[in-house]
Amino acid sequence: VWNNCLAFIKDNIQPQAFKTWFEPIKPVKLSENALSIQVPSKFFYEWLEEHYVKLLKVALTKELGETAKLVYIIRMENTYGNREPFTEKIPSANRGNMGPQEMDVPIKSKNPELRNPFVIPGIRNIKIESQLNPNYNFDNFLEGDSNRLARSAGMAVANKPGGTSFNPLLVFGGVGLGKTHLAHAIGVEIKDKYPDRTVLYISAEKFTQQYIESVKKNTRNDFIHFYQLIDVLIIDDVQFLSGKSGTQDVFFHIFNHLHQNGKQVILTSDKAPVDMQDIEQRLLSRFKWGLSAELQSPDYETRISILKNKLYRDGVEMPEDIIDYVAKHIKTNIRELEGAIISLIAQSSFNKKEVTLELAQQVVEKFVKNTKREVSIDYIQKVVSDYFEMDVATLQSKTRKRHIVQARQLAMFFAKKFTKASLASIGSQIGKRDHATVLHACKTVDNLAETDKQFRKYIEDLTKKLS
Ligand code: ADP
Ligand code: MG
C-alpha cells in the first residue's frame, strides 16, 4: 500500500522534496484501513501535516478507500542518552489528541494536479477541469532581469487572452528555470480574470498519450473536437513532440483552428524554435508567429529574493550568510536552489541545530556535483562490468547466466537512476533490449535490494563508484 502511495506522491511533487520528506518515512503497520507510518521527528511530522497532508490523503484514499486513516509514529532519540528509540503516536490532523483517529477526508483537493488525470469526456455536457496548479501564480513568480520579458509577456497574455500579438506565446529555457510555473501562472490569472473561459493546462507528454489512446479507441475525432472547444490552451514541454509526427499533425490542426478563432495558445519548450529538432517545419513556423520569450538563469539578486521568499512562505528563519552562500553557489537552476534550501531546513531540524556554513557547504556541494557530472550510460556499463570482472561485451551479451544477467540489470538500474535517458534508449544502449526489459530490470533490482543482503552491497559499492 505504502509503495503505491509513494509512487503517486512522487509523480506529484518535486524530486528533491520527495527525497527529503517521503523517503525517510517507514510504513509500520496496516490494520484494516489505518496505515501507521514512522517519521524521524516531531518537526518532520508537523511539516508533513502542513505541506503534504492533502497529497497524503489523496494517495491513501486511492489505496484504502474513503475511510482511510493515517497514524503517525514519531521516532525520537531518548534524551537520556539511551539510544533505544521510543515512539509517540499522533493521529493525523489532530495534534495533541492521543490515539488513532479518523482523518477528515473530503478529497476535493484544491490542487488539480492531485485529481485523477482527466479523461476526455463525450462531446455533450462538457465541463473541462483546467488542471491548473494555483500554487504556481504570478504573486510567487518573482521578477528579475532573467525573466522580465517572459513574465511581462505572460501578464499581457493573461490580461487579453487571444487579443495580443503574442499568439502563440512560447516560453523557452533550460530545466528548472520556471517554464511550468509561468505557464500555470498565466492560466491561473486568466481563470481569475475570465472565469468563463475554458483554460486547459497539459503537458505535451500527456497530450501525446491521449492522442495515442484516441487513435486506439477510434475516437480521434472526439479528441480533436475536445481541444477545439478550448479558449486557452497551455502545452508544457513541446519539445516532447519531437519525432512524433502523428501527434504533431493533430496538434497542427488543433492549433490552426484555435488560432483562427482568436483563441490563445501558450507553449513552453526547453529550446528556442530554431534549435528544435524533429519538429515539422510547418509547426515550427507557427511557433514563430507570436512571441518567443526566454527564461534565463537568474542573476544573484533574483536568486537571493527567491530564497528569501521561499523561507518566508515556509516560516523558517535562516542566517543571511547562509542564504548568501547558497545563492552564490547555485546559479543555473531555480529548482536546485529551492532543493538546497529545503534540504538545509530539513537537516537543521533533524539535528536540531542552527544551520552552519559548514552544513550549507556540504549540501550545496552535493547539489552542484549532482548536476555537473552527468554520467553516461557507457561509463555505467564500464564501471559495472569492471566491478564484476567481466568486459562490457559480456555484460551486453544474450547469455542467461545468472551473474551476468544481474550485472546487466544493475547497469540498467543505474542508467535509469543516474541519467535522463528513456527506458527505450537505455535498452538499446545496453545490448539492444527493449524498454520492457529495462523496466523489469529496475523492478528486479529494487526487489533484490530489499531481500538480498549481498545484492544490497553491490548497489552500495556501485553507487559509491558512480557518484
Ligand atoms: P521548468 O518547468 O522550467 O523546469 P519550473 O517551473 O518547474 O521549471 O520551476 C522550478 C522551480 O523553481 C519551481 O518550484 C518554481 O516554483 C520555482 N521558480 C521558478 N522560477 C521562479 C521565480 N521566478 N520565482 C519563484 N520561484 C520560481
Ligand atoms: Mg517544467
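Heads up: these notes are all about the structure in this document. (Residues numbered from 1 in each chain as written. Chains lettered and ligands numbered in written order. Predicted model: local features only at pLDDT ≥ 70, side-chain atom pairs only at ≥ 80, totals over all residues.)

1. Quick notes on the packing of helix H1 (residues 2–12) against helix H4 (residues 53–64)
Stated formally: A fitted line through C-alpha atoms represents every axis, and for helices the fit uses only the stretch in contact; the resulting angles, taken between N-to-C directions, go from 0 to 180 degrees. Secondary structure counts use DSSP, requiring at least four H or I residues in a row for a helix and at least two E residues in a row for a strand, with both numbered from the N terminus. Oblique is the label for every angle not falling under 35 degrees (roughly parallel), over 145 degrees (roughly antiparallel), or within 65 to 115 degrees (roughly perpendicular). Working rule for handedness: look at the near helix, and if it is turned counterclockwise from the far one by less than a right angle, call the crossing left-handed; if clockwise, right-handed. The contact criterion used is a C-beta to C-beta distance within 7 Å, with each C-beta placed from the backbone. Any residue outside Ala, Val, Leu, Ile, Met, Phe, Trp, Tyr, Cys, Pro, Asp, Glu, Lys and Arg is labelled polar, Gly included; the first ten of those are nonpolar and the last four are charged.
At a closest axis distance of 9 Å, the pairing of H1 and H4 adopts a crossing angle of 140°. Of the possible angle classes, the one that applies to H1 and H4 is oblique. In this structure, the crossing between H1 and H4 has a hand that is right-handed. Seen from H1, the contacting residues are Asn 4, Cys 5, Phe 8, Ile 9 and Asn 12; seen from H4, they are Leu 55, Ala 59, Leu 60, Lys 62 and Glu 63. Of the residues that constitute the contact of H1 with H4, the class distribution is six nonpolar, two polar and two charged.

2. Observations regarding the site of ligand 1
Condition: By definition, a residue lies near a molecule or strand provided its backbone-derived C-beta atom is within 6 Å of it. Residue ranges assigned to the domains are those given by an automatic or database domain assignment.
Residues in close proximity to ligand 1 total 16 residues, the closest being Gly 178, Lys 179, Thr 180, His 181 and Ile 334. Only helix H6 (179–193) and helix H13 (334–350) provide two or more residues apiece to the shell around ligand 1. Among the domains, domain 2 (125–294) and domain 3 (300–372) are the pair contributing at least three residues each to the shell around ligand 1.

3. Regarding helix H17 (residues 402–418)
Stated precisely, the cut-off is as follows: Residue count minus one, scaled by 1.5 Å, sets the expected span of a helix. Any residue whose C-beta has 12 or fewer other C-beta atoms within 10 Å is treated as exposed, any with 20 or more as buried, and any in between as partly exposed, C-beta atoms being built from the backbone.
Helix length check: H17 (17 residues) gives 24 Å between terminal C-alpha atoms against 24 Å at 1.5 Å per residue, within 8%. Here H17 has its buried residues at Ala 407, Arg 408, Gln 409, Leu 410, Ala 411, Met 412, Phe 413, Phe 414, Ala 415 and Lys 416. Looking at the packing, one finds that the buried side of H17 touches helix H15 (377–387), helix H16 (392–396), helix H18 (423–429), helix H19 (435–451) and helix H20 (453–466).

4. A short note on the nonpolar core
So the rule is basically this: Defined on buried residues, the nonpolar core groups Ala, Val, Leu, Ile, Met, Phe, Trp, Tyr and Cys residues joined through C-beta atoms within 7 Å.
Formed by 68 residues in total, the largest nonpolar core has its most connected members in Val 171, Ile 186, Leu 233, Ile 234 and Val 326. At eight residues, H13 tops the list of elements feeding residues into this core. Beyond its immediate chain neighbours, meaning those up to four positions away, Ile 186 contacts Gly 154, Val 157, Ala 158, Ile 234 and Ile 266. Within the second largest apolar cluster, 20 residues are counted, among which are Ile 9, Leu 35, Tyr 45 and Tyr 72.

5. Digging into the sheet that holds strand S5 (residues 169–172)
The following threshold applies: At least two DSSP bridges between two strands are needed for those strands to be called paired.
Across the sheet, five strands lie side by side as S6-S7-S8-S5-S9; this open sheet has parallel pairing. Each end of this open sheet is capped by a strand with a single partner; those strands are strand S6 (199–203) and strand S9 (291–294). Looking at each pair of strands side by side, their axes are set apart by 15° on average, direction ignored. Pairing geometry for strand S7 (residues 232–236) and strand S8 (residues 264–269), over four bridges, is parallel. Its bridge partner being in S8, Ile 234 is matched across the sheet by Ile 266. In the packing of H6 onto the sheet, the strands contacted are S5, S6, S7 and S8, and the crossing angle to S7 comes to about 165°.

6. Quick look at the environment of Ala 59
Looking at the element boundaries, Ala 59 is found in helix H4. With near-sequence residues (within four places) excluded, Ala 59 lies in contact with Cys 5, Phe 8 and Ile 9.

7. A closer look at the packing of H17 against H20
Running from N to C, H17 and H20 point in directions that differ by 50°, and their axes come no closer than 12 Å. Taken together, H17 and H20 sit at an angle that is classed as oblique. Handedness of the crossing formed by H17 with H20: right-handed. Touching Leu 410, Phe 414 and Phe 418 of H17 are Tyr 458, Leu 462 and Leu 466, all from H20. Taken together, the residues of the contact of H17 with H20 break down into six nonpolar, no polar and no charged.

Limitation: the analysis is restricted to geometry and does not speak to function.
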